[in-house]
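What follows is the residue order along each chain.
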Amino acid sequence: MQLFLIVIVAVFALGIARALRMSRKSVALIEKYEGDFKNPVLVEEIFAAVREDFLLNRILVKHGATLEDFRKLNAKLMIWGDFRKYNRYVPVTSFFNRTTLEYLLAHKADDARALTEKMMNHFHI
């Protein structure tokens, strides 16, 4: 029973550490590109960070997502979500969350407004 508890605590701790790491990366990119969110290097850095994370990379592989998909999705999110609220900026933060990334890639053909509203609702913006 103690071993089970130790495993549960370890899995929880690793999950929290991963979530904090992805949040720090997202905020760092938001701060780095503040005032220059249309810089194409931003999308490349987002894609690279997502590929480095084992959970998010699995979603990329599942959907066969490419850098070009990220560019198109980012452009759609920039139309209606080009504003920052605290440490959230929809065109960046949306790629660093498992559920929002899954939704974006599954609905990449949807219109810009619908995608952005879904992301804003998810992040309570």
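The preceding data block contains the structure.
Residues numbered from 1 in each chain as written. Predicted model: local features only at pLDDT ≥ 70, side-chain atom pairs only at ≥ 80, totals over all residues. Heavy atoms only, no water.

**Section: the overall build of the protein**
- In terms of helices and strands, the protein carries seven helices and two strands.
- Scanning the protein from its N terminus toward the C terminus, one meets helices and strands in the order α-α-α-α-β-β-α-α-α.
- Taking 14 Å as the expected radius of gyration for a compact globule of 125 residues, we find that the protein reaches 15 Å, a close match to that expectation.
- Dimensions along the principal axes, computed over C-alpha positions, put the protein at roughly 55 × 30 × 25 Å.
- Taken across its 125 residues, the protein has 37% of its residues classed as buried.
- The long-range fraction of contacts in the protein, counting pairs at least 24 apart against all pairs at least 6 apart in sequence, stands at 64%.
- Carbon together with sulfur atoms contributes 61% to the accessible area of the protein, which is approximately 7,700 Å² in total.
- One finds the centroid of the 19 positive side-chain charges in the protein at a distance of 5 Å from the centroid of its 14 negative side-chain charges. (Helix = DSSP H or I, 4+ residues; strand = E, 2+ residues; numbered from the N terminus. Rg over C-alpha atoms; globule rule 2.2 N^0.38 Å. Buried < 20%, exposed > 50% of the residue type's maximum accessible area, 1.4 Å probe, protein only. Contact = heavy atoms within 4.5 Å. Areas by Shrake-Rupley, 256 points an atom, 1.4 Å probe, with all protein chains shown as cover. Lys, Arg positive; Asp, Glu negative; His and termini not counted. Charge placed at Lys NZ, Arg CZ, Asp CG, Glu CD.)

**What to know about the environment of Thr100**
- Along the chain, the position of Thr100 falls in helix α6 (residues 98–106).
- For Thr100 and Lys118, which are 18 residues apart along the polypeptide, the C-alpha to C-alpha distance reads 8.5 Å.
- Setting aside residues no more than four positions away along its own chain, Thr100 makes contact with Thr93, Ser94, Met119, His122 and Phe123.
- Within the structure, the side chain of Thr100 is placed 2.6 Å from the backbone oxygen of Ser94, a separation counted as a polar contact. (Polar contact = N/O pair within 3.5 Å; in protein donor to acceptor, adjacent residues only side chain to side chain.)

**Comments concerning the packing of aromatic side chains**
- Across all of its chains, the model carries two aromatic pairs by this definition.
- Ring plane angle 80 degrees and centroid distance 5.0 Å describe the contact between Phe47 and Phe70, whose orientation is recorded as edge-to-face. With Phe47 in helix α2 (residues 40–52) and Phe70 in helix α4 (residues 67–81), this pair connects stretches of sequence that are 23 residues apart.
- Taking the relative accessible area as the measure of exposure, Phe47 reaches 11% and is therefore buried.
- A relative accessible area of 0% means that Phe70 is categorised as buried.
- On the numbers, 4.7 Å between centres and 25 degrees between planes, the contact of Phe70 with Phe95 is stacked. One end of the pair, Phe70, is in helix α4; the other, Phe95, is in the loop between α5 (90–93) and α6, with 25 residues separating them in the sequence.
- Overall, the relative accessible area of 1% leaves Phe95 in the buried class.
- Counting every residue linked through ring pairs, the aromatic cluster contains Phe47, Phe70 and Phe95.
- Seen from the ring of Tyr103, Lys118 lies directly overhead, with NZ or CZ sitting 5.1 Å from the centre. (Phe/Tyr/Trp six-rings, centres within 6.5 Å; stacked < 30°, edge-to-face > 60°. Lys NZ or Arg CZ within 6 Å of the ring centre and 35° of its normal.)

**Topic: the packing of α2 against helix α3 (residues 54–63)**
- In the contact formed by α2 and α3, the axes pass within 5 Å of each other and the chain directions differ by 105 degrees. Classified by the angle their axes make, α2 and α3 are roughly perpendicular. Here Phe47, Val50, Arg51 and Glu52 of α2 lie close against α3, whose contacting residues are Phe54, Leu56, Asn57 and Leu60.
- The residue makeup of the contact of α2 with α3, split by class, is five nonpolar, one polar and two charged. (Axes fitted to C-alpha atoms, helices over the stretch in contact; angles between N-to-C directions. Parallel < 35°, antiparallel > 145°, perpendicular 65-115°, else oblique. Nonpolar A, V, L, I, M, F, W, Y, C, P; charged D, E, K, R; others polar.)

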